[in-house]
Structures are given as structure tokens and as C-alpha cells.
Amino acid sequence: MHSAGRRYRVGSPQLGGTRQVAARSPLGSPLEKARLGATLSRLAAAPVPKLLARPETTAARALAERGLPNRVVDGFLRPLLTALLSDPALGTSSRVADLVLRGYARGRLALPAAGTGAVPAQLAATLPAGTVQLNTRVTSVGADGVQTEEHGWLGARAVVMATDARSAVELLPGLRLPDFHPVTTFYHSCADAPLAEPLLLLDADHTVGPAPVSHALVLSQVHPSYAPAGRSLVATTVLGRRAWAGGPAAAEQLVRARLAELYQVPTRDWEFLSVRHLPDAVPAMPPPHNFHRPVRVLAGLYVCGDHRDTSSAHGAMVSGRRAALAVLRDLGIAATEPGQDRAAA
Ligand SMILES: Cc1cc2nc3c(=O)[nH]c(=O)nc-3n(C[C@H](O)[C@H](O)[C@H](O)COP(=O)(O)OP(=O)(O)OC[C@H]3O[C@@H](n4cnc5c(N)ncnc54)[C@H](O)[C@@H]3O)c2cc1C
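These numbers come from a predicted model, not from an experiment.

Undergrad: Which parts of the structure should I look at to understand the domain arrangement of the protein?
TA: By a widespread convention, an interface's size corresponds to the accessible area lost as its parts come together. Entries for the protein in the domain assignment read domain 1 (2-105), domain 2 (118-178 + 288-330) and domain 3 (180-283). If you average the C-alpha positions of domain 1 and of domain 2, the two centres end up 34 Å apart.

Written out as C-alpha cells, the structure is:
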């Protein structure tokens, strides 16, 4: 955490909830820290159905109603939730916020060694060669096949549309288009890693201005494959809609200057590699949030993706499993539903 001009460590993924709150952190008196630790422990142990049955409001309101001291909320929980939800206003459903905090408290945050693309690559590797056809743009969908830009009509017994929300609405205009939280990520390369550990550095201070950093991470400390030997890769996230004259790259100097303060190292020599601004990065999940949007449009046509469950890789996969089960049922193929593990995000 970087809060009130100080940097301190709050817990470790290997530690349980009560020990998450480092004794040396300025998050309040020992009693207050114990209360925060107990809150995280309770969340970590809570069954998901119990969290989903809680009264639902916005994450911001629920945070205010928890009765925790301001310095715990503003110095830790608010910046953490902002980063986890990509939502600076914390207008996200409090149930979703509980689920992501539960994931954090259980120490389940992770990054695949070979990048997020490793997950679909592993799924595809289990299929017969030639099953997956990449770089093919679908221009229209029906229950009996899809029209593609590159290969014309491809007939099918069932069609599952697994696109992002905006593309899904373009292909099937009856679907609901959510609001989105934009995410901008700046990538820098440097010779020496500014932190020797894979720690998520949250900026609790810098919440205003043209390029307020939400969090930064030395990706190559998570796994060395993220950078060539002798170099480190730093990813820095700026949230919200920004009106940058000259595009997001114009804010790079501001981000670099803030990184010097956050990491407490000179960043003048860092190499700016790229910036990715995604206006539709994360579908918004205001209350009331529907965790089970229908995935079956009609027999033969299905839709899945993060916009059907929760806006996360986990939500996308859970909705994909629901769609797959619906296909099997409609095709008359018996399928048993795996355990109801709905630990979203
Ligand atoms: C910067 C950033 C950071 C994130 N960090 C995390 C994180 O730490 N943890 C986490 O759980 N989630 C994270 N997310 C969210 C996560 O990436 C998404 O929730 C997840 O990728 C959604 O998966 P999806 O399969 O629903 O859709 P997508 O990953 O968007 O995949 C949809 C696919 O459909 C394809 N497509 C669209 N239209 C067509 C068409 N007409 N024809 C053919 N193909 C088409 C697209 O090319 C794309 O490949 C992050 C998102 C962003 C942007």
C-alpha cells in the first residue's frame, strides 16, 4: 500500500485473513487491525451462497456501513476494491465486492506463468487438431451456423456466441448492452526490478488528476517469462474515463513520475514500451446484479462471456460451462453438472 505518503505491506497471499493485516501497517490501533483481520477471515470462510444472500447495495455504501475506521477503509479497503473491480466510484454490487474480497482473503489472486492466453491455449490443446479456427470474423449468427468474413457460411448443430458484450449485442441486437469500466495499462521496462517480490502496489493517495494510478505490478517478478533476461516489466493501471489530449500515451510522463514516488526509485531511465486503453474493459455490475443471465437464446443458439455472470475470467468460464450444459441438454446428451463452485472472480 502507498497511503498518506507512506508505503507499507498489508499481508501476504500465503497468510490467512487475520494475519493479512501486517502489524507494522498504519491501518489503525491493534484492535482496529484485529477487526479488519477478523472481517477478512470471516469473508474467506463464508460460503458463496451466504454472501449472495446478503442485502445488496453498492460497494461504496456497504463499505461505509461496515463500521470500520476511516483509515482502514480509505487506506486499504477502498483502493483494494477499486483495483479489483476496476471501478473508482465503487458503484459495483456489494455482493460482487464481497466475492472479490473473499477471493483476495483466500489468497487466490494469480497470474498464469505464460500469460492469460495460456488458459484458452490449454483448453484448445485438448481438442482434435483443426477444431479451432482463429482469425475468423463472424458477421452474423443463427441457430444453424455462422456467416464469416473469411470462410463464408459455416453450418452447425449449435452455435455458442462467446464474444465480449458489445460484439454480442452487434450480432444479436436483442441482448442487453451493459455500461463499461475503462482500463488503461502502461507498460515500462527497466534493468532493475523496483521491488524484489511479486507485490501488487496500490496507490491510495493519488485519486485525482489526469492520470491517477490505481495500482502497479512488476509482472516479471510474478514470473520471469514476462520479460527477457536482465530486464523487468512493470504494468501500471489507470482507471476511469480520461480525456487525454494526444491520447493515453500523452499521460506517460505523469505515470512515470508517480511510479518514481510509489516505488521510491528513479524512473527516468525506464523504457516506455506501450499503453493499452480499453474503453469497454470491464462490464459494469451495479446492483441489482444478475449472476446468472440466461445463456440459452433458443434451441441451437447460446451466448456466454463475462457479461452473463461476473466481469472476470472466472465469470466468463462459469458462463461457458452453463452454455455448454445447455447445448448438451438440447442435443439430448446427458450431462451432469459439476459442483456448484460459484466462487466468482
Ligand atoms: C486490462 C484488463 C485487466 C483485467 N484483469 C483481470 C484480472 O486480473 N482477473 C480477471 O479475472 N479478469 C480480468 N479482466 C477481465 C477479463 O479479461 C474478462 O472478464 C475476460 O477476458 C472475459 O472473457 P470473455 O471470454 O467473456 O471475453 P473476451 O476475453 O473479451 O473474449 C471475446 C473474444 O471474442 C472475439 N470476438 C468478438 N467479436 C467477434 C466476432 N464477430 N467474430 C469472432 N470473434 C469475435 C474477440 O476477439 C475475443 O477474442 C481484465 C480485463 C482487462 C481489459
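The structure having been displayed, the exposition proceeds.
Undergrad: Just to check I follow, could you spell out the nonpolar core for this structure?
TA: For soluble globular proteins, the rule of thumb is that nonpolar side chains tend to be buried together. The biggest cluster of nonpolar side chains holds 34 residues, and the ones touching the most others in it are Leu36, Phe76, Leu77, Leu81 and Leu85. Elements represented by at least two residues in this core include exactly helix 2 (30-45), helix 3 (48-52), helix 4 (59-65), helix 5 (70-85) and helix 6 (94-105). For this core, the element with the most residues is helix 5, which contributes eight residues. Ignoring anything within four residues of it in the chain, the contact list for Leu81 reads Leu63, Ser86, Leu90, Ala97, Val100 and Leu101. With 18 residues, the next largest nonpolar core counts Phe186, Ala211, Val218 and Val234 among its residues.

Undergrad: So what exactly am I meant to see when it comes to empty space enclosed by the protein here?
TA: It is a probe the size of a water molecule, rolled over the atoms, that shows where empty space is left. In total, this model carries one cavity of 30 Å³ or more according to the counting rule given. Here the largest cavity defines a volume of roughly 40 Å³. Lining the largest cavity we find Ala59, Ala62, Leu63, Arg66, Leu81, Ser94, Ala97, Asp98 and Leu101. Considering each element in turn, the lining of the largest cavity owes the most residues, four residues, to helix 6. When its residues are assigned to classes, the lining of the largest cavity shows six nonpolar, one polar and two charged.

Calculation notes
- Residues numbered from 1 in each chain as written.
- Predicted model: local features only at pLDDT ≥ 70, side-chain atom pairs only at ≥ 80, totals over all residues.
- Heavy atoms only, no water.
- Domains from an automatic or database assignment.
- Core = buried A, V, L, I, M, F, W, Y, C linked by side-chain atoms within 4.5 Å.
- Buried < 20%, exposed > 50% of the residue type's maximum accessible area, 1.4 Å probe, protein only.
- Helix = DSSP H or I, 4+ residues; strand = E, 2+ residues; numbered from the N terminus.
- Contact = heavy atoms within 4.5 Å.
- 1 Å grid on protein atoms, 1.4 Å probe; cavity = no way out; pocket = protein on both sides within 12 Å on 5 of 7 lines; lining within 4 Å.
- Points joined across faces, edges and corners; volume = space filled by probe spheres on them.
- Nonpolar A, V, L, I, M, F, W, Y, C, P; charged D, E, K, R; others polar.

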